[in-house]
Amino acid sequence: GGIAFKSGGDAGAYIQISGTNTYAGPTSFRGTNLKIVDDATLGRGKVTSESGQIYYDGHANAVISNAFDVTSRLTFRNATAELHGPVKAGTFRLYKPATIGVSNVVASRVQSESSNEIKALYDDTVLTVGEDDQDTAVSCRLSDGTGRLSLVKQGANRVQLYGR
């Protein structure tokens, strides 16, 4: 694996990391945009980010077991992935076709295009949106996948669902 410093593109300036990491402890970073190239790069522990974005790009059939606590944005672009750990994010973003299986997601905002899909991996899967008082639009397909997806509107004035 390795680290490469990059700038520009959709994620702005970022640090790109790749390779397989077997570390099981927590990973924390602050004020940094992190681009992930391989699904095993972050190991197996909880990932915490303060004022930085985590950006997955071009993953096919990725299986990610980490728990995420990201105060800014967690983005998946051109990706098909399963997120088995719980996700808490300021913004959960799906960009340019993405199909993401989730266990549980809590996000103030979900940003997506209608060609994307969020699907349930387990029977008790919950997508909670709108922790703040702002409008939140979930403009992607929601499906039960292999489990049952429940949507919880929490604090938002309006939630729009498409294709359910």
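Provided above is the structure to which this section pertains.
Definitions and limits used
Residues numbered from 1 in each chain as written. Predicted model: local features only at pLDDT ≥ 70, side-chain atom pairs only at ≥ 80, totals over all residues. Heavy atoms only, no water. Phe/Tyr/Trp six-rings, centres within 6.5 Å; stacked < 30°, edge-to-face > 60°. Helix = DSSP H or I, 4+ residues; strand = E, 2+ residues; numbered from the N terminus. Buried < 20%, exposed > 50% of the residue type's maximum accessible area, 1.4 Å probe, protein only. Lys NZ or Arg CZ within 6 Å of the ring centre and 35° of its normal. Contact = heavy atoms within 4.5 Å.

Visitor: How should I be thinking about the packing of aromatic side chains in this particular structure?
Guide: To describe a pair of aromatic rings, you give the distance between the ring centres and the angle between the ring planes. Counted under the stated rule, the structure contains three aromatic pairs. Note on Tyr56 and Phe68: the rings are 6.3 Å apart at their centroids and 85° apart in plane angle, and the pair reads as edge-to-face. Of this pair, Tyr56 sits in strand E6 (residues 54–57) while Phe68 sits in strand E8 (residues 68–83), and the two are 12 residues apart along the sequence. According to the relative accessible area criterion, Tyr56 is buried, its value standing at 0%. When the ring centre of Tyr95 is taken as reference, the NZ or CZ atom of Arg93 above it lies at 4.5 Å.

Visitor: Explanation requested: the environment of Asp123 in the structure shown.
Guide: Assignment of secondary structure puts Asp123 in the loop between strand E11 (117–120) and strand E12 (125–129). A relative accessible area of 62% places Asp123 in the exposed class. With near-sequence residues (within four places) excluded, Asp123 lies in contact with Thr146, Gly147 and Arg148.

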